[in-house]
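Next come the chains, spelled out residue by residue.
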Amino acid sequence: MYVCSCFGITEQQVREHAEAGACTPRQIASACKAGTDCGSCVRRIQGLLGRDACPRREGLARQLAAEAPAPAAAVPAVPAAV
């Protein structure tokens, strides 16, 4: 089924670009121009990207989790001066 009527881009083409690493609507647009003319297909592209796991997204999530700083230790409250 067509996702972008302006450029004749199909769901399958969007999925192929996502598998190749285009994980955001902007990256899909760079790859095939879908979403760059009238913009009516951008929500559909977002839906396809959200539903179909992007191979890079899983690795990026793991990398960000590994790089996240450890939570700060709880600091005891200091009583207010009266």
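Above: the structure in question.
Report follows, based on the coordinates.

Calculation notes
- Residues numbered from 1 in each chain as written.
- Predicted model: local features only at pLDDT ≥ 70, side-chain atom pairs only at ≥ 80, totals over all residues.
- Heavy atoms only, no water.
- Core = buried A, V, L, I, M, F, W, Y, C linked by side-chain atoms within 4.5 Å.
- Buried < 20%, exposed > 50% of the residue type's maximum accessible area, 1.4 Å probe, protein only.
- Helix = DSSP H or I, 4+ residues; strand = E, 2+ residues; numbered from the N terminus.
- Contact = heavy atoms within 4.5 Å.

### Describing the nonpolar core
Next up, step 1: Counting residues in hydrophobic clusters, the biggest one holds 13 residues, and the most contacted among them are Val3, Ile9, Val14, Ile28, Ala34 and Ile45.
Next up, step 2: When contributions to this core are tallied by element, the ones reaching two or more residues are β1 (2-4), α1 (11-19), α2 (25-32) and α3 (42-51).
Next up, step 3: Here this core takes three residues from α3, the largest share from any one element.
Next up, step 4: Apart from residues lying up to four places away in sequence, Ile28 is in contact with Val14, His17, Ala18, Ala22, Lys33, Ala34, Ile45 and Leu49.

### Description of unusual backbone geometry
Next up, step 1: Of note, Lys33 is a non-glycine position whose phi angle comes to about 75°, a positive value.
Next up, step 2: Residue placement: Lys33 occurs in the loop between α2 and α3.

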